[in-house]
Every structure is written in C-alpha cells, then in structure tokens.
Amino acid sequence: MRPMKWAGLVVLTASATAFAADPKDPVQKVAEAYLQAISGNGDDAGRELLLGGATMNAQLFLLENWKIVSREKVRKEQADLATARKLMADLDKAGREALTRVLSSSNDPDGLGMTELTQDDAAKLMAPTRERARKLSQAHPVMSYVARVGKEVYWHPQNPLRPVLERAGNAGHYVLELHLFQVETREGPRQQPRVWPLRVVRLKTDQVDTGYKILPASDWNGE
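Residues numbered from 1 in each chain as written. Predicted model: local features only at pLDDT ≥ 70, side-chain atom pairs only at ≥ 80, totals over all residues. Heavy atoms only, no water.

S.K.: Looking at this model, I keep getting lost on the confidence of the model for the protein chain. Mind explaining?
M.R.: Do not read the predicted coordinates in detail wherever pLDDT is low. Model confidence for the protein chain is summarised by a mean pLDDT of 83, while 79% of its residues fall at 70 or above. Below a pLDDT of 50 lies the segment residues 1–8, which in the model reaches 19 contacts outside its immediate sequence neighbourhood of four places, other chains included. (pLDDT = per-residue confidence, 0-100. Contact = heavy atoms within 4.5 Å.)

Written as structure tokens, this is what we have:
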C-alpha cells in the first residue's frame, strides 16, 4: 500500500482482498452490526449506524441474507479542511449559476414550463460545474468519493456528508477514513447472487468525530 502525496494531502491507495474476519476489528464490527440489523438477526439499533441516521426507508429495509466476500485496504486522507470546504463551495456556486442560466434561457418567466436545451447547450452550461468537480476530486479524492462528487447524489439535500461538514468548522485539518466491503446477497426465488458495496467511513476534525458510520446508499439513488 503506497501513499500518494499532493501538497499536504496523503491518500493511501486501496486494492481488494479476500475477506478475513477479525472479531476485534471495530470497523468490521460496525459493518456486521448494520448487516445483522437489516437482516433481522441483530439489534435493530444497528440501523442508526448510518451516517446521518436512518431514514424512514432505511428503518423499513430488510435483507434476506448476506456474506462479506472481500474488503479493500483502508483509504485514509488527511488534508486542509478550509481548502476542501472552499473547493466544495466553488462547486456548489457553479451548480447554482448553471441552474440560473438554464432557467433564464427559458421563455417561461414563471419557471413553470419545460426548458428545452440542445446537448451542446447543456454541455456549455455544465462545463464550469464539471471543471470544479474535477478540481475537488483531484485535490481531495477520498472526500470527493464520500461526498459523491460528480454524481446526482451529491446535489441532493439529504446528502449525509453535508451537515457533518457544516459542524466540522473551517479550520485545521481533517482525517477521513474509507473502508469498503463487498457484500454478497442471494435474492429472489432462484437465489441469484448479487454483490454490492458497503462503505464504512469516519471523519475527524478539531470539532467533529463521527466515529465509524455506514455511508448510506441513498433512498433517491441506489448507488
């Protein structure tokens, strides 16, 4: 596992390995407690291990079975918090400006009709957003992954990382850990196997320590 460095940022690269159970590993305990809860085989309080808490859908979700089949080596990022917040604010501003241009290009002054754009028009409007997303992803790759930068989920008001960052302050450094498990479930009458990612994250700043939490696959996007 070799570190890559960018101006005060350290990221540890990851590769998938066969899963070796370690009952003393706190990260594994969190992953298994959550999986036990949603399969009805453990304390239902494990659902509250979701970052941001369990939504209504998350409270009702039930899994038939599960098996952890592999786990990546941890990705750990330590970087300047103010820089990350600034790049994220730049991305948000670009998104707002792009949306304003889309609405202003419409002939519907009330904003109640449909706006028709060509593919070229849409590309021109979104280009500044993509450029800022690229800068954020290059400078803070683990933070960008956890925030879902470049995906529709990033813009949703229920993105669970947003309120955490609001509480985290705007000074000092952050340490962000990402632990990625691959989980196999067998679904349906024919018990077809499906493998999907389970992400355990922890963000620490001078003002916030989330502890190990499950990064949710959102209600609005199964990613």
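S.K.: Whenever I open this one, the pattern of salt bridges confuses me. Can you help?
M.R.: Pairing of side chains with opposite charge becomes possible as their charged atoms draw close. Under the criterion given, the structure shown has eleven salt bridges. In this structure, Glu184 engages Lys67 in a salt bridge whose closest nitrogen and oxygen atoms are separated by 4.0 Å. Of the two residues, Glu184 sits in strand 6 (residues 173–187) while Lys67 sits in strand 4 (residues 67–72), which places them 117 residues apart along the sequence. Judged by its relative accessible area of 16%, Glu184 is buried. (Salt bridge = Lys/Arg side-chain N within 4 Å of Asp/Glu carboxyl O. Helix = DSSP H or I, 4+ residues; strand = E, 2+ residues; numbered from the N terminus. Buried < 20%, exposed > 50% of the residue type's maximum accessible area, 1.4 Å probe, protein only.)

S.K.: I tried to follow the side chain of Thr210 on my own but got confused; where do I start?
M.R.: For Thr210, the position within the fold is in the loop between strand 7 (192–204) and strand 8 (213–215). Among the residues examined, Thr210 registers a relative accessible area of 15% and is labelled buried. Among the polar contacts made by the side chain of Thr210, one reaches the main-chain amide nitrogen of Leu203 at a distance of 3.0 Å. When sequence neighbours within four positions are dropped, the list of residues in contact with Thr210 reads Leu51, Val164, Val201, Arg202 and Leu203. (Polar contact = N/O pair within 3.5 Å; in protein donor to acceptor, adjacent residues only side chain to side chain.)

S.K.: How do you make sense of unusual backbone geometry when you look at a structure like this?
M.R.: The phi torsion at Arg148 lies on the positive side, around 65 degrees, for a residue other than glycine. Here Arg148 lies in the loop between helix 5 (141–147) and helix 6 (152–155). With a phi angle near 50 degrees, Gln191 is a residue other than glycine that sits in the positive phi range. As for its position among the elements, Gln191 is in the loop between strand 6 and strand 7.

S.K.: Help me understand the environment of Glu77, please; the structure alone is not making it clear to me.
M.R.: Following the sequence through the fold, Glu77 ends up in strand 5 (residues 75–80). Along the primary structure Glu77 and His140 are separated by 63 residues, whereas in three dimensions their C-alpha atoms are 7.8 Å apart. Side-chain polar atoms of Glu77 contact the backbone nitrogen of Val142, separated by 2.8 Å. There is a polar contact of 3.1 Å between the side chain of Glu77 and the backbone nitrogen of Met143.

S.K.: Would you take a moment to explain the nonpolar core for this structure?
M.R.: The nonpolar side chains of a soluble globular protein tend to be buried, and buried together. With 26 residues, the main nonpolar core has Met143, Tyr174 and Leu203 as its most contacted residues. Those elements that provide at least two residues to this core are helix 3 (81–104), helix 4 (119–139), helix 5, helix 7 (161–167), strand 6 and strand 7. Among the elements that make up this core, the one with the highest residue count is helix 3 (five residues). If you look at the next biggest cluster of nonpolar residues, it comprises 18 residues, including Val27, Ile38, Leu49 and Ile68. (Core = buried A, V, L, I, M, F, W, Y, C linked by side-chain atoms within 4.5 Å.)

S.K.: How do you make sense of helix 1 (residues 26–38) when you look at a structure like this?
M.R.: Two residues of an α-helix separated by three or four positions point the same way, owing to the 3.6 residues in each turn. Under the 1.5 Å per step criterion, the end-to-end length of helix 1 is 19 Å for 13 residues, consistent within 8% with the ideal 18 Å. Within helix 1, burial applies to Val27, Gln28, Val30, Ala31, Tyr34, Leu35, Ala37 and Ile38. On its buried face, helix 1 is in contact with strand 4, strand 6, strand 7 and strand 8. Two to three positions downstream of the cap, the backbone nitrogen of Val27 sits 3.1 Å from a side-chain oxygen, assigning the N-cap of helix 1 to Asp25. Looking one or two residues beyond helix 1, the residue adopting positive phi is Gly40, at roughly 75 degrees. (Expected span 1.5 Å × (residues − 1).)

S.K.: Is there a simple way to explain the packing of aromatic side chains in this structure?
M.R.: The relation between two aromatic rings is expressed through the spacing of the ring centres and the mutual angle of the planes. Considering all chains together, one arrives at one aromatic pair under this definition. Ring centres of Tyr154 and Trp155 lie 4.8 Å apart, and the angle between their planes is 90 degrees; on these two criteria the pair is classed as edge-to-face. Residue classification places Tyr154 among the buried residues on the basis of a relative accessible area of 1%. Taking the ring centre of Tyr145 as reference, the NZ or CZ of Arg75 above it sits at 5.1 Å. (Phe/Tyr/Trp six-rings, centres within 6.5 Å; stacked < 30°, edge-to-face > 60°. Lys NZ or Arg CZ within 6 Å of the ring centre and 35° of its normal.)

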